[in-house]
Amino acid sequence: MSPVPMIRLLTITFFLLPAFAGPSSLLAIESTPAPFAGTMGEWHGFTSHEFEIAGKPVLVVTPDNPIEGRPWVWHGEFFGHKPAPDVELLKLGFHCVYMKIPDMLGSPEAVEYWNQCYQELTDTYGLARKVALVGLSRGGLYCYNWAAANPEKVSCIYGDAPVCDFKSWPGGRGKGPGSERDWKLVLQRYRFANEAEALAYRGNPVDRLKPLAEAGVPLLHVYGDADEVVPWDENTGLLAERYRELGGDIQLITKPGVKHHPHGLHDPTPIVEFIASAAGIAYGTPRKPRKDPVDQRVAQIEPTSRVVYKTVDDRELYLHVLNPDDLQDGEQRPCFIVIHGGGWTGGEPRRMYPFADHYRDQGLVGISVQYRLLNAKKGVNVFDCISDTNDAVRFVRSHAEMFNIDPNKIIVSGGSAGGHLAAETALYSDSSDSDISTVPAALVLLFPVIDTSEAGYGNARIGSRWREVSPAHQVDGKVPPTILFHGTGDTVTPFAGAVAFTEAMKKQGNRCELVVHEGGRHGYLMFDEALLNETLRQSDEFLSSLNLLNNQ
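Thresholds, definitions, all that
- Residues numbered from 1 in each chain as written.
- Predicted model: local features only at pLDDT ≥ 70, side-chain atom pairs only at ≥ 80, totals over all residues.
- Heavy atoms only, no water.
- Helix = DSSP H or I, 4+ residues; strand = E, 2+ residues; numbered from the N terminus.
- Buried < 20%, exposed > 50% of the residue type's maximum accessible area, 1.4 Å probe, protein only.
- Contact = heavy atoms within 4.5 Å.
- Areas by Shrake-Rupley, 256 points an atom, 1.4 Å probe, with all protein chains shown as cover.
- Lys, Arg positive; Asp, Glu negative; His and termini not counted.
- Charge placed at Lys NZ, Arg CZ, Asp CG, Glu CD.
- 1 Å grid on protein atoms, 1.4 Å probe; cavity = no way out; pocket = protein on both sides within 12 Å on 5 of 7 lines; lining within 4 Å.
- Points joined across faces, edges and corners; volume = space filled by probe spheres on them.
- Expected span 1.5 Å × (residues − 1).
- Arc of directions from axis to C-beta.
- Polar contact = N/O pair within 3.5 Å; in protein donor to acceptor, adjacent residues only side chain to side chain.
- Nonpolar A, V, L, I, M, F, W, Y, C, P; charged D, E, K, R; others polar.

K.L.:
Sorry, what's going on with the overall build of the chain here?
P.N.:
Along the chain, the regular secondary structure elements total 19 helices and 17 strands. When each of the 552 residues of the chain is scored for burial, the buried share is 54%. Within the chain, contacts between residues separated by at least 24 positions form 73% of all contacts whose residues are at least 6 apart in sequence. Carbon and sulfur atoms make up 51% of the accessible area of the chain, which amounts to about 24,200 Å² in all. For the chain, the separation between the mean place of its 51 positive charges and that of its 68 negative charges on side chains is 2 Å.

The structure is reproduced here in structure tokens:
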């Protein structure tokens, strides 16, 4: 065809478009996603669509208000079980997808079906090019095997007690009983000639992590440490160890004493935050970083794991655990527990990471505690805060073997209201039936709420029972050695309370060191790098004198 006719053909084609269609409109027409096909239904109040891709059933649940970029989550198996995270994500604007190909156990054939599903959902229906994968139990095989083959297409992976090695389940070649039926399916679907070939296979999720680590794919696993079906150490534990060795980012949430069931979390917030964050979407009330030395350090620190120590009002409370790199099973390291402040009404465990991290670097196990915050509408008071943090210490002490810590070398620290809660682990006897002591080996108190009388802080929030939880008024002869850091210019938790507490401690024959910063305002050591470092050095000296550091 000569150049002239070609130009005429193009001109005629453009002329036949609607009069309003300029170049930008043409682009919009080409990029507009097609409406979802198939049978419409309802799923937890949202519209669902059932249709086929590559001859296999696909379910897509659509949000009422899709957000820009059309992010989505894709389930490997058991879609609809424990739906709370999906419901929250749908409210946020995510799509939810499930391709029904059971009994394929993440085999190469399953990966090929997923490839076709992904292609159609992104090309035809305009879903995001990166997807969040959700692998519950055997669903982990689907998610990880597809992700290893397509790391550039994955925003994150959330695994819930996921199978990460079919030799463990369904093979039963470890601690678990396995499943004879499903093991036969593995041999069939993966086309192994015999069991020996399957056992020698090096294509399980635990073997194919390098592409994900190189692509920077973040992982989150929630698991029960008593899982009798998919033993955590053969699956999540092994995968986490290898992923971290490759430089990958994995978060672990441990549910102590929980078996393979129940799955999920009572409060789906950590799961939703993880998936939303990986898609670059804010969820809840975004944290506003402070421009001080503590928060600058916080940004560089990630915990080893989060452990559920208590469930109350259908909400999990967590210990944020920071383990030394060289920690080995069976050891008995000292433990440094730190509690955040915020007037009992605010704050978060992350704020105190630098203190836990400082002692992790010295070989201790560092733990930052989450507790319920004061909330009159929900009936949460200061005594509930105390109950939570006391329970946290009990949990750590009673699970010393799990944490690899010495139950007799637990140090408790806290700042401001967190300092008050730290002191109450030694001073307050609650109504718990447990005979496990909450009293630590030492206290490190940072500008603490130490006097809850009208002359101090928190009297109105606590009410008539203030004396029961006022450290300056509770001292007896059994308080553990304490170091207290306080500024003379503190107008929030007045310096006079720190003096009164110190005098009461010494009068009772207890060891107490008051480190005074002249003119220091409330929280002074958090705002100055030199003061922060000096505080940590002085804490080190104090704890060393008690033989509580790891090298003692």
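K.L.:
Explain empty space enclosed by the protein here, please?
P.N.:
By rolling a water-sized probe across the atoms, one finds the places where empty space is left. Within the structure shown, the criterion is met by three cavities of 30 Å³ or more. Its boundaries defined by the atoms lining it, the largest cavity holds a volume of some 40 Å³. Lining of the largest cavity is provided by F336, F355, Y359, S413, V444, L446, T535, L536 and S539. Taken together, the elements giving at least two residues each to the lining of the largest cavity come down to α12 (353–361), β15 (442–446) and α19 (529–545). If one sorts the elements of the lining of the largest cavity by residue count, α19 sits on top with three residues.

K.L.:
Explanation requested: helix α4 (residues 108–123) in the structure shown.
P.N.:
Counting along an α-helix, one turn takes 3.6 residues, and residues three or four places apart therefore face a common direction. With 16 residues, α4 extends 22 Å from end C-alpha to end C-alpha; this agrees with the ideal 22 Å at 1.5 Å per step. Residues of α4 that are buried: A110, V111, Y113, W114, C117, Y118, L121 and T122. Viewed along the axis of α4, the buried residues span an arc of 155 degrees, placing them on a single side of the element.

K.L.:
How should the side chain of D295 be read in this particular structure?
P.N.:
Within the secondary structure layout, D295 lies in helix α11 (residues 293–298). Polar contacts involving the side chain of D295 include one to the side chain of R351, which spans 2.9 Å. Leaving out residues up to four positions away in the same chain, D295 has contacts with R287, P289, R290 and R351.

K.L.:
Help me out: how do you make sense of the layout of surface pockets in this one?
P.N.:
By volume, the second largest pocket is sized at about 310 Å³. A per-class count over the lining of the second largest pocket returns six nonpolar, nine polar and two charged.

K.L.:
What is the right way to look at the environment of A213 in this model?
P.N.:
Looking at the secondary structure, you find A213 in helix α8 (residues 210–215). Remark: the alpha-carbon pair of A213 and I250, spanning 37 residues in sequence, is separated by 9.8 Å. Sequence-distant contacts of A213, defined by excluding residues within four places in its chain, comprise Y243, L246 and G248.

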